[in-house]
Amino acid sequence: MVKSPEMQKVWHYQCMLYFDGTRGRLHYRRWTVDHPAAVAILLPGIGQHSGHYHRFARYLRSIDVEVWGLDTAGHGLSEGDPAHPGTLAELVADATRLVDLARVELPDTPLVLMGHSLGAVTVLGMLGAAVPDASTATDLNAVEANFPTVPSIDPGTLSGLVLSAVPRRALGSGLPGAPGTPLPSDLPILAVHGTEDRRAPIDAMRVWTARHEWVDLREYADAGHDLLHEPVRARVGVDIADWMQGVVVGLARHA
């Protein structure tokens, strides 16, 4: 069937694709651009899927950043049980597979990882840095067994991270003696968080960013956990887009 120009435009804007994950067939979307300045891999939180981020994708496409959004197992159009999206190791493996696919499609394009809530935990897990606070963990052997402590991707190949509403349980890195792999201080990181977030209170993120002084923490007053779907979503979207654009421009200047 020949697509009309309108249908072709929609297909170019948002492609729906699949790959085999650790526990079933996973769906992801691509909001494409003709000549991407960067590609952002977006990992949603629990109860969300890539289709919820079409408005946010427009902000990034406006600065020529292509967006790839994953449907976590059991969410959106992905196979699986929504009540059991997988262990952190399985989530990391699935997200790493998506990164591999993006690198094949856009091999020379700067890549930024972005995650919200569980997706942000997964992003940190991909770098071996999503670990509990070692001072409160009663069994560090269990931490080593249940949390990926070695990066699944080379952080030197990333252009940046965007972390949204990270839960406290993943913010133990950076302490002396903490398990896992320290985040490299030359990796640009933006953290966005609502000051009224009750699911992931901001205090833990403030402590974490104090240990990681190069992280740019943006706080949003009167905002809760779901930053990109709350009344502040436009401001958050613009802030993330401006930050990504600055990272990509900075890379180009040093190329």
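So, here's what we can say about the structure.

Here is what the cut-offs are and how they apply
- Residues numbered from 1 in each chain as written.
- Predicted model: local features only at pLDDT ≥ 70, side-chain atom pairs only at ≥ 80, totals over all residues.
- Heavy atoms only, no water.
- Salt bridge = Lys/Arg side-chain N within 4 Å of Asp/Glu carboxyl O.
- Helix = DSSP H or I, 4+ residues; strand = E, 2+ residues; numbered from the N terminus.
- Buried < 20%, exposed > 50% of the residue type's maximum accessible area, 1.4 Å probe, protein only.
- Phe/Tyr/Trp six-rings, centres within 6.5 Å; stacked < 30°, edge-to-face > 60°.
- Lys NZ or Arg CZ within 6 Å of the ring centre and 35° of its normal.
- Pairing = 2+ DSSP bridges.
- Axes fitted to C-alpha atoms, helices over the stretch in contact; angles between N-to-C directions.
- Parallel < 35°, antiparallel > 145°, perpendicular 65-115°, else oblique.
- Contact = heavy atoms within 4.5 Å.
- Nonpolar A, V, L, I, M, F, W, Y, C, P; charged D, E, K, R; others polar.
- Core = buried A, V, L, I, M, F, W, Y, C linked by side-chain atoms within 4.5 Å.

So, on to the pattern of salt bridges. It is possible for side chains bearing opposite charge to pair when their charged atoms get close. Considering all chains together, one arrives at 6 salt bridges under this definition. In this structure, R30 and E66 form a salt bridge, with 2.6 Å as the shortest nitrogen-oxygen distance. Remark: E66 occurs in strand 4 (residues 65–70) and R30 occurs in strand 2 (residues 25–31); sequence separation between them is 36 residues. Here E219 ties to R206 by a salt bridge, and the two come within 2.8 Å at their closest N and O atoms. Of the two residues, E219 sits in strand 8 (residues 216–220) while R206 sits in helix 6 (residues 202–211), which places them 13 residues apart along the sequence. When its relative accessible area of 35% is taken as the criterion, E219 is described as partly exposed. Classification of R206 as partly exposed rests on a relative accessible area of 35%. Salt bridges sharing partners connect three or more residues here, namely R30, E66 and E105.

We now examine the packing of aromatic side chains. For the structure shown, the criterion picks out 2 aromatic pairs. Between F19 and Y28, the aromatic rings sit 5.8 Å apart at their centres with planes inclined by 55°, giving tilted as the arrangement. The burial state of F19 is the same as that of Y28; both residues are buried. Measuring from ring centre to ring centre gives 5.4 Å for Y28 and W68, while their planes differ by 10°; the resulting arrangement is stacked. Placement of the pair is Y28 in strand 2 and W68 in strand 4, with a sequence separation of 40 residues. By relative accessible area, which is 0% here, W68 ends up buried. Sitting above the plane of the Y18 ring, R25 keeps its charged end 4.0 Å from the centroid.

In terms of residue burial, strand 7 (residues 189–194) counts as a mostly covered element, since 6 of its 6 residues are buried. The alternating pattern of strand 7 places I189, A191 and H193 on one face and L190, V192 and G194 on the opposite face, and all of these are buried. In terms of strand pairing, strand 6 (residues 160–164) meets strand 7 through 4 bridges, oriented parallel. Across the sheet, V162 pairs through a bridge with L190, a residue of strand 7. Summarising the sheet, strand 7 and strand 8 pair through 5 bridges and their orientation is parallel. Looking at strand 8, one finds that G194 is bridged to Y220.

Attention now moves to the packing of helix 3 (residues 88–105) against helix 4 (residues 118–126). In the contact formed by helix 3 and helix 4, the axes pass within 9 Å of each other and the chain directions differ by 80°. Of the possible angle classes, the one that applies to helix 3 and helix 4 is roughly perpendicular. When helix 3 is examined against helix 4, the residues L88, L91, V92, A95, T96 and V99 are found in contact with a partner set consisting of L118, V121, T122, G125 and M126. A class-by-class count of the residues in the contact of helix 3 with helix 4 yields 8 nonpolar, 3 polar and no charged.

As a further point, take the nonpolar core. I41, W68 and L113 are the most contacted members of the largest nonpolar core, which totals 44 residues. Contact partners of L113, with chain neighbours within four places excluded, come to I41, V99, V123, M126, I153, L158, G160, L161 and V162. Counting residues in hydrophobic clusters, the runner-up holds 28 residues, among them W31, A38, V65 and A241.

Our next topic: the environment of V248. Inspection of the secondary structure assignment puts V248 in helix 7 (residues 233–254). In this structure, the C-alpha to C-alpha distance between V248 and T109, residues 139 residues apart in sequence, is 9.9 Å. The residues touching V248, leaving out its near neighbours within four places in the chain, are A37 and A38.

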